[in-house]
Amino acid sequence: MAGCRMKLELSRVVQGSGRLGVLKDLGKTGQHSLEVPGCLLHTHLGTVPHLTRDTLQTLSNLPAVTQVTLSNIAEHQEVLEEFKDGFRRFAGLHNTVLYCSLHDPATPCPTGYTTNKTVSVWGSGGRIELTVARFMALQKTVQPDWYQSMADGETWQSGTSRKRVRKSVDRTLAHLDECLLAHQNSQELEGVEVFGVVEGGDILEERVRSGRETAKRPVAGFCLDGLQTGSMHQALRTQLIAAVTEELPEDKPRLLQGVGRPDEVLACVEAGVDLFEGFFPSQVTERGCALCFGFGISSDPELAVLELAEEKEASGETQHNGDSNPADQSRMTSFEIDLKDKRYKDDFRPLVEGCGCYCCVNHQRAYLHHLLVTNELLARVLLMIHNTAHYQAFFRALREALANDKLDVLKRRVLKEMTD
Ligand SMILES: [Zn+2]
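Predicted model, so just to flag it, every value in this text is computed and none were measured.

Draft legend 1. Structural detail: the packing of helix H8 (residues 234–247) against helix H9 (residues 262–270). It is the contact of H8 with H9, at a shortest axis distance of 9 Å, that shows an interaxial angle of 30 degrees. As far as their axial angle goes, H9 and H8 are roughly parallel. Crossing of H8 over H9 shows right-handed handedness. In contact with Gln-234, Arg-237, Thr-238 and Ile-241 of H8, H9 contributes Glu-264, Ala-267 and Cys-268. A class-by-class count of the residues in the contact of H8 with H9 yields 3 nonpolar, 2 polar and 2 charged.

Shown next, in the form of structure tokens:
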């Protein structure tokens, strides 16, 4: 495909402990890059929840790739067609690589609505049924840099029959071929990259078949679908991912959908995943919580401060009422603290000692508690700033650990958060 200029340069590949590298020459102008393992910037209609562009930019080192979803955008198709200049300009995004996925990972969508010819997405106004023709018409109005090909992903529920899983793999390949054909015949989509979707439910052979067949197509990267938190246990997920990545070319990125919890991220990186959808901080923010798990393992002064803070908290301050029950994504996890809790009423420490984000530099837990209790919108703004910063710092620590052969140390540290 004419537009395949994106390059994945891997600096380390260690079997069973992940890939470290940089995705280069991204976007139509080729001026962006993204380090892997890494995550995308999750948005709702192009906006990071609660944050204006200015507020977001108080954070440094944000991902160069912004994710938008057709489930949000589809209902605005006519407006976008009238606007003509693409979604990036419509949402005032300017300088970013735009990735358009089908569904929003933070909002589970109802199942039972795929057919041989259509998939459905759910926006604020309800269900929108997409044929490949409508899907491709939408991509032409969105004008992303990358998009996820149309896919039948409704096989993540446990107990899905083998026949149904096989059908989803076949349908997804047929959708991909149709998308690629329309793509190649479209001038508007010149230079745009397509990500093929790997399905296969929890059936190993179907996963492998889906990976192998998708890899034969001229796609720029792969989305691993149907492995989201809640759909299966980590051990099975790791096994399926490792089997699929065996089938995929080394030089194309693998994006895992629907997984964001730090412990799961680490396990999936070890299985060969490069990219994650960065929706986890949004979910934590929505329940009024703050990420405060420790991940400092190095002598880097910035991380050492975080480490120290974590040590202090381990001495009894942190509440661990979080539940790691993977079945419910809306439940609090053990990586966060609930600022609505009375214990933070007179806690004058920042959310995380040593965190350089706007919230931690300027405010204390007690103030956040007050904002949450009085239902001020500012609470979510400040939490989102911190949670985004903390999550990005976790990915930096993860890359550093990979570079220094310390992934096992980081893993122990993060898993400790779940058992303390
Ligand atoms: Zn902070």
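After that view of the structure, there is still more to cover.
Draft legend 2. Representation of unusual backbone geometry in the model. Pro-37 follows Val-36 through a cis peptide bond whose omega is -5 degrees. The phi angle at Asn-61 is positive, at roughly 55 degrees, despite the residue not being glycine. Residue position: Asn-61 is located in the loop between helix H1 (53–56) and strand S6 (65–69). Look at Asn-61 and you get exposed, because its relative accessible area is 54%.

Draft legend 3. Fine view of the packing of aromatic side chains. Evaluated as defined, the whole model comprises 16 aromatic pairs. For the pair Trp-146 and Phe-195, a centre-to-centre distance of 4.9 Å together with 25 degrees between the ring planes defines the contact as stacked. Placement of the pair is Trp-146 in strand S10 (residues 146–148) and Phe-195 in strand S11 (residues 193–198), with a sequence separation of 49 residues. Summarising the burial analysis for this pair, Trp-146 and Phe-195 share the class buried. Relative to Phe-335, the ring of Phe-293 lies with its centre 5.4 Å away and its plane at 80 degrees, an arrangement referred to as edge-to-face. Of the two residues, Phe-293 is situated in the loop between strand S15 (289–291) and helix H11 (301–314) and Phe-335 in the loop between H11 and strand S16 (336–338); the sequence distance between them amounts to 42 residues. Here the two residues Phe-293 and Phe-335 agree in accessibility, since each one is buried. Of the aromatic side chains, those joined through ring pairs into one cluster are Phe-276, Phe-280, Phe-293, Phe-295, Phe-335, Tyr-391, Phe-394 and Phe-395.

Draft legend 4. Seen up close, the coordination of the zinc ion. At 2.1 to 2.3 Å from the zinc ion lie its protein donor atoms, namely Cys-355 (SG), Cys-357 (SG), Cys-360 (SG) and His-386 (ND1). Geometry at the zinc ion is tetrahedral, judged from its 4 donor atoms and the angles of 98 to 117 degrees they form at the metal. Each donor residue of the zinc ion lies on the same chain, and together they follow the pattern C-x1-C-x2-C-x25-H. This pair shows no difference in class: Cys-355 is buried, exactly as Cys-360 is.

Draft legend 5. Up close: the sheet that holds strand S13 (residues 254–256). Spatially, 9 strands are ordered S4-S14-S13-S12-S11-S10-S7-S6-S5 in an open sheet, and the strand pairing comes out parallel. Edge strands, defined here as strands with exactly one partner in the open sheet, are strand S4 (38–39) and strand S5 (41–42). Examined bridge by bridge, strand S7 (residues 97–101) and S10 share 2 bridges and lie parallel to one another. Note on S10: the bridge partner recorded for Tyr-99 is Trp-146. Set on the sheet, helix H6 (residues 162–184) makes contact with S10 and S11; between it and S11 the angle comes to about 170 degrees.

Draft legend 6. Structural view of the confidence of the model for the protein. Looking at the protein, pLDDT values average 91 and 91% of them are 70 or higher. Confidence over residues 314–326 falls short of pLDDT 50; this stretch has 29 contacts with residues more than four positions distant or in other chains.

The rules behind each value
- Every chain's residues receive numbers from 1 upward, in the order its sequence appears when written.
- Given that the model is predicted, a residue must reach a pLDDT of at least 70 before its local features are reported, and side-chain atom pairs must reach 80 or more before they are shown or counted; all residues, however, enter totals for whole chains, interfaces and linings.
- Side-chain descriptors were evaluated using all non-hydrogen atoms of the structure, hydrogens and water having been removed beforehand.
- Note on geometry: axes are C-alpha line fits, over the in-contact stretch for helices, and angles between N-to-C directions span 0 to 180 degrees.
- Starting at the N terminus, helices and strands are each numbered in turn, a helix being any DSSP run of H or I of at least four residues and a strand any DSSP run of E of at least two.
- By the definition adopted for this analysis, an angle is roughly parallel if under 35 degrees, roughly antiparallel if over 145, roughly perpendicular if from 65 to 115, and oblique otherwise.
- Here a crossing is taken to be left-handed if its near helix is turned anticlockwise relative to the far helix by less than a right angle, and right-handed if that turn runs clockwise.
- The contact definition used throughout considers only heavy atoms, calling two residues in contact when any of these lie within 4.5 Å.
- For this classification, the nonpolar set comprises Ala, Val, Leu, Ile, Met, Phe, Trp, Tyr, Cys and Pro, the charged set comprises Asp, Glu, Lys and Arg, and every other residue, Gly included, is treated as polar.
- Under the scheme applied here, a residue whose accessible area is under 20% of the maximum for its type counts as buried, over 50% as exposed, and between as partly exposed, the area being computed with a 1.4 Å probe on protein chains only.
- By convention, a stacked pair of Phe, Tyr or Trp rings (six-membered ring in the case of Trp) has centres within 6.5 Å and planes under 30 degrees apart, an edge-to-face pair has planes over 60 apart, and any other such pair is tilted.
- Sites may look incomplete because water is not among the atoms; the donors themselves are N, O and S atoms within 2.8 Å of the metal, or within 3.2 Å for Na, K and Ca.
- Metal sites are grouped by the angles between bound donors: all angles between 85 and 135 degrees with four donors is tetrahedral, opposite donors over 155 degrees apart with the others between 65 and 115 is square planar for four donors and octahedral for six, and any other pattern is irregular.
- DSSP-based pairing: two strands are paired if at least 2 bridges between them are found.
- By definition, pLDDT measures how confident the predictor is in each residue, and it falls between 0 and 100.

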